[in-house]
Amino acid sequence: MPMPRQFLNAAPDFFHLHHRYYFLLFFLTILSRTPLLAADTEVLVLFSWLRSSFSSSSSSPPSAFSTWNPQDSDRLPIPFPSNLSSLKFLEKLTISGANLTGTIPVDIGDCVSLKTIDVSFNSLVGNIPGSIGKLKNLEELTLSGNIPAEIGLLAALETLRAGGNQDIDGEIPDEIGNCQNLQVLGLADTKISGSLPSSLGRLKNLQVLSLYTTMLSGEIPAEIGNCSELVDVYLYENSLSGALPRELGMLQKLQKLLLWQNSFVGSIPEEIGNCKSLVVLDFSLNFLSGSIPESFGNLTNLQELMLSSNNISGSIPAVLSNATSLIQFQIDSNQISGSIPPELGSLAQLQVFFAWDNKLEGSIPATFSGCKSLQALDLSRNSLTGSLPPSIFQLRNLTKLLLIFNDISGFIPPEIGNCKSLIRLRLVGNKINGQIPREIGFLTNLSFLDLSENHLSGVVPDEIGNCGELQMLNLAGNSLTGNIPSSLSSLSKLEAFSWQQFLLRANPSTLGRCSRLQLLDLSWNQLFGSIPVQIFEIEALEIALNLSWNALTGEIPPQIVALNKLSVLDLSHNKLGGDLMSLSGLVNLVSLNVSYNNFTGYLPDNKLFRQLSATELAGTRGYVLGDMTHVS
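Definitions and limits used
Residues numbered from 1 in each chain as written. Predicted model: local features only at pLDDT ≥ 70, side-chain atom pairs only at ≥ 80, totals over all residues. Heavy atoms only, no water. Pairing = 2+ DSSP bridges. Helix = DSSP H or I, 4+ residues; strand = E, 2+ residues; numbered from the N terminus. Core = buried A, V, L, I, M, F, W, Y, C linked by side-chain atoms within 4.5 Å. Buried < 20%, exposed > 50% of the residue type's maximum accessible area, 1.4 Å probe, protein only. Phe/Tyr/Trp six-rings, centres within 6.5 Å; stacked < 30°, edge-to-face > 60°. Lys NZ or Arg CZ within 6 Å of the ring centre and 35° of its normal. Axes fitted to C-alpha atoms, helices over the stretch in contact; angles between N-to-C directions. Contact = heavy atoms within 4.5 Å. Salt bridge = Lys/Arg side-chain N within 4 Å of Asp/Glu carboxyl O. Polar contact = N/O pair within 3.5 Å; in protein donor to acceptor, adjacent residues only side chain to side chain. pLDDT = per-residue confidence, 0-100.

The chain carries the name Receptor-like protein kinase in an unreviewed UniProt entry, which gives Sesamum angustifolium as its organism.

Here you go:
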């Protein structure tokens, strides 16, 4: 029975069925030399399959699918098309993400004109049939299942993709090396296991090797150096091990080499410096040792050099300054020692330099001012000495400067006010002295300021109140004096404030206007008088309030009940008196310390107080009276 002309005309081009978020695309291309009768026969086969698919779901295919509802909430299972042996002229078969069920039939090998197969993201089961090796014209294959050895018979195959399909498992067959025209091998995010076959070295046309996030193990075969057309190698997030083959240095067209999060050991081969086209190199999260190769200075196209979290030692090669395209340089969490080469200051494109958690010594080079594009500099947890170079604050793009736990001394230069782009400034755990410069008030974008555990002295400048974006302020562990500046009341975005170990005497009543404050630590000061009720106006205070080790007196104000979100309260080591009944309304408290005060009376009868330890009540004498403890 002849088909309607509108359907017959459409069928040789494509069917496009949109089923909610899934689609069924059956793309049929008939060669121009194909007889019309043959084309009609193949269209009838396809239509028969579609009709049977709808019949199994009590539906029928409307004319040209004009009434197909793409918002239909039901997702119909569709069997794999049968009678494929009749489709001698089919060139492209794409049924992707359509809930296709069953197995791939053996007679798919009879579709001798096929150039493209894409049946990915379906519910297919079973193995890929070996008959697929009969498809001598096949150029692109995207599918599910084990990869059969017959894959090696596909001499014309250019693309093999199965990325993201968790049904792909087993090993990569050695026969893959017979696919001499293969340009793309993509099996990423699958359950492919075993080792990389050495036969990959026979793929002279391979450009993309994408096997990341799989279950691969073993070593990278030295034969990979024969893949002279390789541009991108993605082997990260596997269990690959052994040493990196020096033959990688033969890949002159290689642009991306991503091997992070494996178990590679040994030194980085000097030969990799011969890969002059390299743009991205990422060896992070391995067990590599040795030093950074001097040959990396030859990589003038390199933009990202990522060596974090290894066991690399030695010093930073000064010749890296020749890698003038470098944008990201990350060597944190290694054993790198020596000083930072001043030559790195010539890297005008550098945006990120992370070298924290190493063994670096010496001063921070003043030449860093030449890194005009620098946005983030983290040299924390090293043994750096000397003072802060004023020139570093000439960097107008610098947003993050982290120098935590070093031995930096000297004062904070007033030039800091020039670095208006700063968002995070953390100098905690150094030996910085002198006063906090009032120029810090020019940092209007600053949101995180941590100057704690230094040797700072003097008063906190009122200008700090101009840092309107400030969310976290930590000045604890210094020798600062004076009162809390009244200008802090304008810091409406402040969420955490630590002011420990000041010679602070006046009460911090101005902080009541910091409505977003979630953590307030005023411990180890010389606060006296009663607890300022303005603190209890900070409704956002929910993380912690620490007023311990002061000289506060009087009773706990009843207004404290307003802090009903508070988790941690420490009032220990003061001279507070009265009872503790006002604390019974703090229903979210998980930690309370009221030790070493002058409290009297009964403890509130709730779960928190019944679980208080002796340490948290130390410094008082208590006895049980009924179900409650009496403090006297």
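Moving on, there is more to tell.
**Focus on the pairing of strand S18 (residues 263–267)**
Pairing of strand S16 (residues 239–243) with S18 involves three bridges; the strand directions are parallel. Paired with Ala243 across the strands is Val265, a residue of S18. Bridging between S18 and strand S20 (residues 287–289) involves three bridges; their strand directions are parallel. Bridging across to S20, Val265 finds its partner in Phe287.

**Some points on the nonpolar core**
Formed by 158 residues in total, the largest nonpolar core has its most connected members in Phe353 and Phe497. The next biggest cluster of nonpolar side chains, apart from the first, holds seven residues, and it includes Val208, Leu258, Val279 and Val280.

**Considering the packing of aromatic side chains**
This structure, assessed with the given rule, holds six aromatic pairs. Ring centres of Tyr212 and Tyr234 lie 6.5 Å apart, and the angle between their planes is 90 degrees; this geometry places the pair in the edge-to-face category. Separated by 22 residues along the polypeptide, Tyr212 in the loop between strand S13 (208–210) and strand S14 (215–218) and Tyr234 in strand S15 (residues 232–234) bring together distant segments of the chain. Given the relative accessible area of 26%, Tyr212 is considered partly exposed. When its relative accessible area of 17% is taken as the criterion, Tyr234 is described as buried. Grouped by ring-pair contacts, the aromatic residues Tyr212, Tyr234, Tyr236 and Trp260 constitute a single cluster. Above the face of the Phe442 ring, Lys420 is positioned so that its terminal group lies 5.4 Å from the ring centre.

**Some thoughts on the sheet that holds S20**
In any sheet, the strands associate via hydrogen bonds between backbone groups, in a parallel or an antiparallel arrangement. Spatially, S10-S12-S14-S16-S18-S20 is the arrangement adopted by the six strands of the open sheet, whose pairing is parallel. Each edge of the open sheet is held by one strand with a lone partner, namely strand S10 (169–171) and S20. For this sheet, the mean angle separating the axes of adjacent strands, direction not counted, is 15 degrees. Bridge count between strand S12 (residues 191–194) and S14: two bridges; the pairing is parallel. By the bridge assignment for S14, Ser193 is matched with Met215.

**Description of the sheet that holds strand S29 (residues 433–434)**
The three strands lie next to each other as S29-S31-S33, forming an open sheet whose pairing is parallel. Of all strands in the sheet, those bounded by a partner on one side alone are S29 and strand S33 (479–481). Bridge count for strand S31 (residues 455–459) against S33 is three bridges, and the pairing is parallel. Following the sheet pairing, Val459 is matched in S33 by Thr481.

**Here we look at the pairing of S14**
When S14 meets S16, the two strands line up parallel, connected through two bridges. Following the sheet pairing, Ser217 is matched in S16 by Ser239.

**Describing the side chain of Ser210**
Position of Ser210 relative to the elements: it lies in strand S13. Judged by relative accessible area, which is 12%, Ser210 ranks as buried. Beyond its immediate chain neighbours, meaning those up to four positions away, Ser210 contacts Leu185, Gly186, Leu187, Ala188 and Tyr234.

**Describing the pattern of salt bridges**
Counted by the stated rule, this structure contains seven salt bridges. Between Asp450 and Arg426 there is a salt bridge; the shortest N-O distance is 3.2 Å. Of the two residues, Asp450 is situated in strand S30 (residues 448–450) and Arg426 in strand S28 (residues 424–426); the sequence distance between them amounts to 24 residues. Asp450 sits in the buried class, given a relative accessible area of 3%. Linking Arg610 and Asp605 is a salt bridge whose minimum nitrogen-to-oxygen distance equals 2.7 Å.

**Observations concerning unusual backbone geometry**
In this model, Leu285 sits at a positive phi of 60 degrees, which is unusual for a non-glycine residue. Tracing the sequence through the fold places Leu285 in the loop between strand S19 (280–282) and S20. Classification of Leu285 as partly exposed rests on a relative accessible area of 40%.

**Some words on the environment of Asp378**
For Asp378, the position within the fold is in strand S26 (residues 376–378). C-alpha separation for the pair Asp378 and Lys400, spaced 22 residues apart in sequence, amounts to 7.6 Å. What Asp378 contacts, discounting residues up to four positions off in sequence, is Phe353, Phe354, Ala355, Trp356 and Leu402. Within polar-contact distance, the side chain of Asp378 engages the side chain of Ser380 at 2.7 Å.

**With respect to the confidence of the model for the chain**
Residues at a pLDDT of 70 or more form 84% of the chain, whose mean pLDDT is 84. Contacts for the low-pLDDT stretch residues 1–39, under 50 throughout, to residues beyond four places or in other chains number 87 contacts. Below pLDDT 50 for its whole length, residues 54–74 participates in 24 contacts with residues either more than four positions away or in separate chains.

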